[in-house]
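This is what each chain is made of:
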Amino acid sequence: MDILLQQIINGLVQGAIYAMVALGYTMVYGIMGLINFAHGEVVMIGTLVAITVITLLVGAGVPPAMAGACGVVAAAAVCMIIGWSLERVAYRPLRNAQRLAPLITAIGCSIVLQNVAMMVWGRNYMTFPPLIAKTQFEIAGASFTSVQVLILLVASVSMGGLLFLVYRTKLGMAMRATAQNPAVAGLMGVNANRVISSAFVVGSALGAVAGVMVGTYYEIAHYQMGFMLGLKAFTAAVLGGIGNLAGAMAGGLLLGLIEALGAGYIGDLTGGFLGSHYQDIFAFAVLIVVLMFRPSGLFGEKTGDRA
Amino acid sequence: MSASHGQKGSPVNASSKEPLLIVEGLRVAYGGIQAVRGITFHIDAGETVALIGANGAGKTSTLRALSRMLDAAGGSVRYLGKDISRLPPHRLVREGIALVPEGRGVFPRLTIAENLAMGAFTRDDKPKIARDIEHVFGLFPRLKEREKQLAGTLSGGEQQMLAIGRALMSRPKLLLLDEPSMGLAPIMVQKIFEVIRTVAAEGMTILLIEQNAKLALETSRRGYVLESGEITLTDEAEKLLHNPKVREAYLGE
Ligand SMILES: Nc1ncnc2c1ncn2[C@@H]1O[C@H](COP(=O)(O)OP(=O)(O)O)[C@@H](O)[C@H]1O
Ligand SMILES: [Mg+2]
């Protein structure tokens, strides 16, 4: 049986998750040129909040799908508050500091969030409760599950909603204007602080949804899961051209595909020397290659064209 | 006041009231460098006032301080009777002050229509906004033809038109223009200034900053000459146009 189609399906699902997380990096970067390295941790907290809420509700007899919806809402609410607070407390005082200062702060915030999560949820792996019946489908020898379909659906709707926000609403227009020329956007009456806060809040909400997706997909979660996920999503954002929304979406999908196909064929490629658990090297090979040969990414343009 | 000035600003009735804008002892510094050294001027409601000066005289710095893009090092700015020298920049447009910045500052990846909508960012009255967009298109028909184009694809002159149109979209009481003629072909400069005169004739109060002294003074009722951060001359625009010092230094005679 050919694994090509199978790996494409798997890659798209994983890629959709990367894309959702990558958007959080790219929105913030597009508007204020900051890489919020704590974003992966925000996603992790979204997953863990969802586990707690869903487990509680399911235990109380609420149907899993309903409990899942509540879990998403709770995760989004908590993540939005964390995203907003990160900006307000950690990054805003450093708005005019040297570039290294917010970067180090971001890493510090990462560590703090991880430790808080460890204190709240413990060090052990946690099981993510199933939300929907896991039906298996087959096409042309490849199989996929209802969970994968759900992830793709929710990701499409979320990203469509984001595009609507950014390209069809007044807030979105203010975000794009601020990304292109913050001083002049201010002259138009745009409160830059509010726009920046919105970028953090919206990105965190998408991250929370992604967090629930990851949990549902792998059925497991851990307080350190945000690190690798964040790094890969950041890679996806860079691959697409950081600051560019379409780039983050395309970069996420592409990275998911590269990883899945890489993992599927790495055994063949290396004569069995490396197994599929080496799939992580593909993400970082991509990051290094992009940074070396096209640091502006696939969709990257000049700075004025961000977001 | 001679009758001929009527077209360049509303008649003298404003002079009995407090001026719309009073700037006193304004100073701007970059680090240790004094760019503006304590200038005092005022603008009455309805008049067009020119602030002329050579490159580096401190014109843009003055506007940056007025529009709150930077903090003044000293002095006061009173607008409609209240001190606005500490307002956050995004509040200024709500007070009725609109700036057309040096180098135009259009949003390159927004369409022309979106740039104009940004000008009306603080407004909610959709039907009136739509009418004002039509008004701007009436002033600048070229913009209407390119409504859906990204502003970054426009020529310099068209971008200047857009920047002026965008500023008008906030329905300002005071319009600040920073070198609208900069870098434009003479024919385009003529077109832009025609519109500035039209807008002035509709009753707008305008501070017109220019290196092109002749054009600015011909368009204004009064003028100030800025040299190395200080105002060295002020008079009615007509008189400045005939002032030997101005003719020598700024009109190339
Ligand atoms: N951002 C800045 N940093 C340091 N010096 C500046 C800056 N902007 C302007 N200057 C200096 O301030 C003086 C006035 O500049 P500016 O206000 O731009 O003059 P103008 O608009 O009349 O050409 C000049 O000497 C200029 O070099
Ligand atoms: Mg200037």
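Everything discussed here concerns the structure shown above.
The structure reproduced in this document is the subject of the present report. It should be emphasised that the depicted structure is a prediction, and the values quoted were computed from it without experimental measurement.

### Brief notes about the overall build of chain A
Secondary structure assignment for chain A yields 11 helices and four strands. Seen through its C-alpha atoms, chain A measures out along the principal axes to roughly 60 × 50 × 35 Å. For chain A, the proportion of its 307 residues judged to be buried stands at 53%. Pairs at least 24 apart in sequence give 78% of the contacts found in chain A among residues at least 6 apart. Surface summary for chain A: the accessible area is close to 13300 Å², and the carbon and sulfur share equals 70%. Of the side-chain charges in chain A, 14 are positive and 10 negative, and the distance between the mean point of each set is 19 Å.

### Comments concerning the interface of chain A and chain B
A common measure of how large an interface is: the accessible area buried when the components associate. Contact with chain A, which involves 20 residues of that partner, is made by 23 residues of chain B. The contact between chain A and chain B buries some 1900 Å² in all, and 66% of this surface belongs to carbon and sulfur atoms. Of all the secondary-structure elements, those providing two or more residues to the side of chain A that touches chain B are helix H6 (170-180) and helix H7 (182-187) of chain A. Residue contributions to the side of chain A that touches chain B peak at six residues, all from H6 of chain A. Split into classes, the residues belonging to the side of chain A that touches chain B amount to 10 nonpolar, six polar and four charged.

### Section: the pairing of strand S3 (residues 142-145) of chain A
Where a strand is regular, its side chains alternate between the two sheet faces. All names here are of chain A. A two-sided burial pattern is seen for S3, the buried positions comprising Ala142 and Phe144 on one face and Ser143 and Thr145 on the other. The pairing of strand S2 (residues 136-139) with S3 spans four bridges and is antiparallel. For glutamate 138, the partnering residue across the bridge sits in S3 and is serine 143. In this structure, the hairpin formed by S2 and S3 is closed by a connection of two residues, where alanine 140 is found at a positive phi of approximately 45 degrees.

### Notes on the site of ligand 1
Residues and elements named next belong to chain B. Neighbouring ligand 1 are Tyr30, Ala35, Ala54, Asn55, Gly56, Ala57, Gly58, Lys59, Thr60, Ser61 and Arg64. Contact between ligand 1 and alanine 57: an oxygen atom at 3.2 Å from a main-chain N or O atom of the residue. Here an oxygen atom of ligand 1 sits 2.5 Å away from a polar atom, N or O, in the side chain of serine 61. Protein burial of ligand 1: of its 550 Å² of free accessible surface, 63% is covered by the chains. Broken down by element, the shell around ligand 1 gets its largest block of residues, four residues, from helix H1 (residues 59-66). Its residues assigned to classes, the shell around ligand 1 shows four nonpolar, five polar and two charged.

### Some remarks on the coordination of the magnesium ion (ligand 2)
Residues and elements named next belong to chain B. Protein-derived coordination of the magnesium ion (ligand 2) comes from Thr60 (OG1) and Glu102 (OE), at a distance range of 2.0 Å. With threonine 60 in helix H1 and glutamate 102 in the loop between strand S6 (97-100) and helix H3 (112-119), this pair connects stretches of sequence that are 42 residues apart. Take threonine 60: its relative accessible area is 15%, and that puts it in the buried class.

### Observations regarding the sheet that holds S6 of chain B
Residue and element names in this part refer to chain B. The six strands lie next to each other as S6-S7-S8-S3-S9-S10, forming an open sheet whose pairing is mixed. Of all the strands in the sheet, the pair left with one neighbour each is S6 and strand S10 (230-236). For this sheet, the mean inter-axis angle between neighbouring strands, taken without regard to orientation, is 15 degrees. Pairing of strand S9 (residues 222-227) with S10, which is carried by six bridges, proceeds in the antiparallel orientation. Its bridge partner being in S10, arginine 222 is matched across the sheet by glutamate 236. Across the sheet, helix H6 (residues 156-168) is in contact with S6 and strand S7 (174-178); its angle to S6 comes to roughly 175 degrees.

### Focus on the packing of helix H10 (residues 245-269) of chain A against helix H11 (residues 280-293) of chain A
Any two packed helices are characterised by the angle at which their axes cross and by the distance between the axes. Residues and elements named next belong to chain A. Here H10 crosses H11 at 130 degrees, and the two axes come no closer than 8 Å. For the element pair H10 / H11, the angle class is oblique. Classified by chirality, the crossing of H11 by H10 is right-handed. Contacts between H10 and H11 involve Leu255, Ile258, Glu259, Gly262, Ala263 and Ile266 on the former and, on the latter, Ile281, Phe282, Ala283 and Val286.

### Side note on the side chain of threonine 145 of chain A
By secondary structure assignment, the location of threonine 145 of chain A is in strand S3. If we ignore the near neighbours within four places in the chain, the residues touching threonine 145 of chain A are Lys134, Thr135, Gln136 and Phe137 of chain A.

### A closer look at unusual backbone geometry
Across residues other than glycine, the phi torsion is negative in most instances, and most of the peptide bonds are trans. All names here are of chain B. The backbone phi angle of arginine 68 is positive, close to 65 degrees, even though this residue is not glycine. Tracing the backbone shows arginine 68 in the loop between H1 and strand S4 (74-79). The residue glutamate 179 is not glycine, and still its phi comes out positive at about 45 degrees. Inspection of the secondary structure puts glutamate 179 in the loop between S7 and helix H7 (186-201).

### A few points about the packing of H6 of chain A against helix H8 (residues 192-218) of chain A
All names here are of chain A. Taken N-terminus to C-terminus, the directions of H6 and H8 make an angle of 105 degrees; their axes are 10 Å apart at the nearest point. Between H6 and H8, the interaxial angle falls into the category roughly perpendicular. Across the interface between the two elements, Leu171, Ala174, Met175 and Thr178 of H6 pack against Val195, Ser198 and Ala199 of H8. Among the residues making up the contact of H6 with H8, the classes are represented as five nonpolar, two polar and no charged.

### Some points on the sheet that holds strand S1 (residues 21-30) of chain B
All names here are of chain B. If you walk across this open sheet you meet the four strands as S2-S1-S4-S5, and the pairing is antiparallel. Each having just a single partner strand, strand S2 (33-43) and strand S5 (82-83) make up the two edges of the open sheet. Two strands pair when backbone bridges link them, and S1 and S2 are joined in this way by eight bridges, in the antiparallel orientation. What sits directly across from valine 23, in S2, is phenylalanine 41. In this fold H1 packs onto S1, S2 and S4, with an angle of close to 115 degrees to the strand it touches most, S1.

What counts, and where the lines are drawn
Residue positions are given per chain, counted from 1 along the sequence in the order it is written. Chains carry letters and ligands carry numbers; both start at the beginning, A for chains and 1 for ligands, and go up in the order they are written. Confidence filtering applies because this is a predicted model: local features only for residues at pLDDT of at least 70, side-chain atom pairs given and counted only at 80 or more, and all residues used for totals across whole chains, interfaces and linings. Side-chain figures throughout are based on the complete set of non-hydrogen atoms in the structure, without hydrogens or water. Put simply, DSSP H or I for four residues or longer makes a helix, DSSP E for two residues or longer makes a strand, and each gets a number counted from the N terminus. Classification of residues uses two cut-offs on accessible area relative to the type maximum, computed with a 1.4 Å probe and protein chains only: under 20% is buried, over 50% is exposed, and between them is partly exposed. Contacts: residue pairs with any heavy atoms within 4.5 Å of one another. We get accessible surface area from the Shrake-Rupley algorithm with a probe of 1.4 Å; when it comes to residues, only the shown protein chains can shield them. Counted as positive: Lys and Arg. Counted as negative: Asp and Glu, with His and the chain ends omitted from the count. For this purpose, a charge sits on NZ of Lys, CZ of Arg, CG of Asp or CD of Glu. Computed with a 1.4 Å rolling probe, the buried area is the accessible surface lost when two parts are put together, summed over both parts. Gly falls in the polar group here, along with every residue not listed as nonpolar (Ala, Val, Leu, Ile, Met, Phe, Trp, Tyr, Cys, Pro) or charged (Asp, Glu, Lys, Arg). Pairing between strands is defined by DSSP: at least two bridges between them are needed. When we say a residue is near a molecule or strand, we mean one of its heavy atoms is within 4 Å of it. Polar contact criterion, stated in full: a pair of N or O atoms within 3.5 Å, where within protein one must be able to donate a hydrogen and the other to accept it, and residues adjacent in sequence count only if both atoms are side-chain atoms. Coordination here is defined by N, O and S atoms within 2.8 Å of the metal (3.2 Å for Na, K and Ca), and since water is not considered, a site can look incomplete. Angles run from 0 to 180 degrees between N-to-C directions of axes, and those axes are lines fitted to C-alpha atoms, restricted for helices to the stretch in contact. Working rule for angles: under 35 degrees goes down as roughly parallel, over 145 as roughly antiparallel, 65 to 115 as roughly perpendicular, anything else as oblique. Crossings are sorted by hand: turned counterclockwise from the far helix by less than a right angle, the near helix makes the crossing left-handed, and turned clockwise it makes it right-handed.

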